[in-house]
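If you want the building blocks of each chain, they are given just below.
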Amino acid sequence: MPKRTKPQVVSGVSPSGSLNPHIQAQRRKLRPPGEYVRGILEGSRVMLSQAITLIESTRPEHQKLAQEIIGLCLPHSGHSIRIGITGSPGVGKSTFIEALGLLLLEQGRRLAVLAIDPSSKVSKGSILGDKTRMEKLSGSEAAFIRPSPAGESLGGVARKTRESIILCEAAGYDTIIIETVGVGQSETAVHSMADFFLLLLLPGAGDELQGIKRGIVEMADLIAVNKADGERLPLAKRARQEYRNALHLFPPKESGWAPKVEVCSATTGLGIPEAWQQVLSHWKTTEENGYFLKNRRNQAYYWLRESINQQLLAAFAQDPAVQEKRKAVEQAVLEGKLSPFQGAEELVALFLGG
Ligand code: GDP
């Protein structure tokens, strides 16, 4: 028998044995789905948290239970404004969300903040995982803050976040913020579940420097140039003008909404109420012209297709006949003995029992 080695502990990262205390607690005790749902509908943050942990779990019995809970919550979901927020690390996303969130709580709204961060490998993910972020917000009863599901492909993380939105809405959160870092494909995932898309930028740094792709700028309903305070205020104003000019070159949006560019400061509060006004104004416009509902339907359709793809791929990967032949086919393709198309055809035929 191989000698058991002690698990290595990286500083600041939990050893895998204690990865998720919620999951450990749930291994001990699972409740009937109705009990979770009752708790969620009554607004219990504990029940909501536990149900989201089930969504995040890979154990089949947790997944089954999670799907039952989602199904029961679905009729109570949908009544919220879903806002996607993206921007490079350090641009001020969490500071902005805290400032906006506190304003919303003052207005009597209830806010859930979720994250999509495929890079987060453990429960202490790189966004939202740090407990010091959004301290004031997380202390409030009317706010629910949840870090990104850990260590998975973007597709997996995005699905879990989308399912968590349903539970948060059923729990009475009328404003949902989905945060992501402005790198990779995660913005597209956030865009596919948000009604309004906010891009935060820094003053005085070109797009390339901020790693912002044109496609992301195009998705934005509002571009907010953050850190418009102190000596950066004039720079921020100049950036605002440049982005306004640039946006003119883009074709009009299907939503009928003309994207806005504003300056803001998450630390002084400049422009935060105005940013919220833009969200409301966008909501009013898209409610009136029918786009709001149409977009939500398109998103549901998109997620149906995504789920079919994911489920088919998972079934394909687990199929014993495919597993037996896969390595050999891959090798043949790599050696040029079989075309990728033929290789795929062979494996898919095996999967389909051909
Ligand atoms: P995130 O990585 O995008 O979530 O960025 P954070 O919210 O963690 O902010 C990164 C740093 O920028 C922190 O030190 C913040 O205090 C600072 N910061 C955030 N917003 C502003 C702002 O509007 N003005 C100034 N001067 N600093 C800010």
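Data block above holds the structure.
Here we summarise the structure given alongside this text. Everything numeric here is computed off the predicted structure, so don't read it as measured data.

**Some details on a nonpolar patch on the surface**
Stage number 1. Together, Y301, L304, I308 and L312 make up a nonpolar patch on the protein surface, roughly 410 Å² of accessible area in all.
Stage number 2. Here L312 lies in helix α13 (residues 291-318).

**Re the sheet that holds strand β5 (residues 196-201)**
Backbone hydrogen bonds are what pair the strands of a sheet, in a parallel or an antiparallel way.
Stage number 1. Spatial ordering of the open sheet is given by β3-β2-β4-β1-β5-β6-β7, a layout of seven strands whose pairing is parallel. Among the strands making up the open sheet, the edge pair consists of β3 (143-145) and β7 (260-263). Direction aside, neighbouring strands of the sheet carry axes that sit 20 degrees apart on average.
Stage number 2. Against the sheet, helix α7 (residues 154-170) makes contact with β1 (81-87), β2 (111-116), β3 and β4 (175-181), and its axis sits at roughly 170 degrees relative to β2, the strand it touches most.
Stage number 3. Across the sheet, helix α11 (residues 232-247) touches β5, β6 (222-225) and β7, and the angle it forms with β7 is around 175 degrees.

**Let's talk about the environment of S153**
Stage number 1. Mapped onto the elements, S153 comes out in the loop between β3 and α7.
Stage number 2. Each C-alpha atom of the pair S153 and P118 lies 6.0 Å from the other, and the pair is 35 residues apart in sequence.

**A word on the environment of F351**
Stage number 1. Note that F351 resides in helix α15 (residues 340-351).
Stage number 2. With a relative accessible area of 23%, F351 lands in the partly exposed category.
Stage number 3. For the pair F351 and Q323, spaced 28 residues apart in sequence, the C-alpha separation works out to 9.6 Å.
Stage number 4. Among residues more than four places away in sequence, those in contact with F351 are L312, A315, F316, D319 and V322.

**Details of the state of the cysteines**
Note on terminology: disulfide describes a covalent bond linking the sulfur atoms of two cysteines.
Stage number 1. Evaluation of the coordinates by the stated rule reveals zero disulfides.
Stage number 2. Unpaired in this structure, C168 has its nearest cysteine sulfur neighbour in C73, at a distance of 9.9 Å.

**A few points about the pairing of β4**
Stage number 1. Taken across its seven residues, β4 has seven buried, putting it largely inside the fold.
Stage number 2. Alternating positions in β4 separate into two faces, T175, I177, E179 and V181 on one and I176, I178 and T180 on the other, with burial throughout.
Stage number 3. The pairing of β1 with β4 spans seven bridges and is parallel. Within the sheet, the bridge partner assigned to I85 lies in β4 and is E179.
Stage number 4. Two elements, β2 and β4, share six bridges in a ladder whose sense is parallel. Bridged to L111 within β4 is T175.

**Considerations on the packing of aromatic side chains**
Stage number 1. This structure, assessed with the given rule, holds three aromatic pairs.
Stage number 2. Aromatic pair Y302 and W303: ring centres 5.4 Å apart, planes at 85 degrees, arrangement edge-to-face.
Stage number 3. Take Y302: its relative accessible area is 26%, and that puts it in the partly exposed class.
Stage number 4. Plain terms: the ring middles of F316 and F351 are 5.5 Å apart, the flat faces sit at 80 degrees to each other, and that makes the pair edge-to-face. Pair noted here: F316 is in helix α13 and F351 is in helix α15, with a separation of 35 residues, a long-range link.
Stage number 5. Overall, the relative accessible area of 14% leaves F316 in the buried class.
Stage number 6. The ring of Y173 carries the charged tip of R110 above its face, separated from the ring centre by 4.4 Å.
Stage number 7. One residue, K260, lies across the ring of W257, its end atom 3.7 Å from the ring centre.

**Description of the site of the ligand**
Stage number 1. Contacts to the ligand come from 16 residues, most closely from K93, T95, R133, D229 and A266.
Stage number 2. Contact between the ligand and K93: an oxygen atom at 2.8 Å from a main-chain N or O atom of the residue.
Stage number 3. In isolation the ligand exposes 580 Å². Once the protein is present, 70% of that is buried.
Stage number 4. It is helix α5 (residues 93-106) that provides the largest number of residues to the shell around the ligand, a total of three residues.
Stage number 5. In terms of residue class, the shell around the ligand is made up of three nonpolar, eight polar and five charged.

**Quick notes on unusual backbone geometry**
Stage number 1. In this structure, K227 is a non-glycine residue whose phi angle is positive, near 65 degrees.
Stage number 2. Inspection of the secondary structure puts K227 in the loop between β6 and α11.
Stage number 3. Owing to a relative accessible area of 25%, K227 belongs among the partly exposed residues under this scheme.

Here is what the cut-offs are and how they apply
- Within each chain, residue numbers correspond to sequence positions counted from 1 in written order.
- Side-chain atom pairs in this predicted model are given and counted only at pLDDT of 80 or more, local residue features only at pLDDT of at least 70, and totals for whole chains, interfaces and linings cover all residues.
- No hydrogens and no water enter the side-chain calculation; it runs on all heavy atoms of the structure.
- Each patch is built from residues that are more than 30% exposed by relative accessible area and take part in no salt bridge. Like charges join if they lie within 9 Å; nonpolar side chains (Val, Leu, Ile, Met, Phe, Trp, Tyr) join within 5 Å.
- Using a 1.4 Å probe, the Shrake-Rupley method yields the accessible areas, and only the shown protein chains count as cover for residues.
- Salt bridge criterion: a side-chain nitrogen from Lys or Arg within 4 Å of a carboxyl oxygen from Asp or Glu.
- Secondary structure elements follow DSSP: runs of H or I no shorter than four residues count as helices, runs of E no shorter than two count as strands, and numbering proceeds from the N terminus.
- At least two DSSP bridges between two strands are required for those strands to pair.
- Helix axes are fitted only over the stretch in contact, all axes being lines through C-alpha atoms; the angle between N-to-C directions runs from 0 to 180 degrees.
- Throughout, a contact is declared for two residues whenever any of their heavy atoms are within 4.5 Å.
- Burial here depends on accessible area, computed with a 1.4 Å probe over protein chains only, as a share of the maximum for the residue type. Under 20% is buried, over 50% is exposed, and the range in between is partly exposed.
- Two cysteine sulfurs form what is called a disulfide whenever their separation falls within 2.5 Å.
- Side-chain rings of Phe, Tyr and Trp, where Trp is taken by its six-membered ring, are said to pair if the distance between their centres is within 6.5 Å; with planes under 30 degrees apart they count as stacked, over 60 as edge-to-face, and otherwise as tilted.
- Distance and angle both matter: a charge sits over a ring if NZ of Lys or CZ of Arg is within 6 Å of the ring centre and within 35 degrees of the ring normal.
- The near set for a molecule or strand comprises every residue that places at least one heavy atom within 4 Å of it.
- Each polar contact in these results corresponds to two N or O atoms within 3.5 Å; when the atoms are within protein, one needs to be able to donate a hydrogen and the other to accept it, and residues that are neighboring in sequence are counted only if both atoms are side-chain atoms.
- The classification used treats Ala, Val, Leu, Ile, Met, Phe, Trp, Tyr, Cys and Pro as nonpolar, Asp, Glu, Lys and Arg as charged, and all other residues, Gly among them, as polar.

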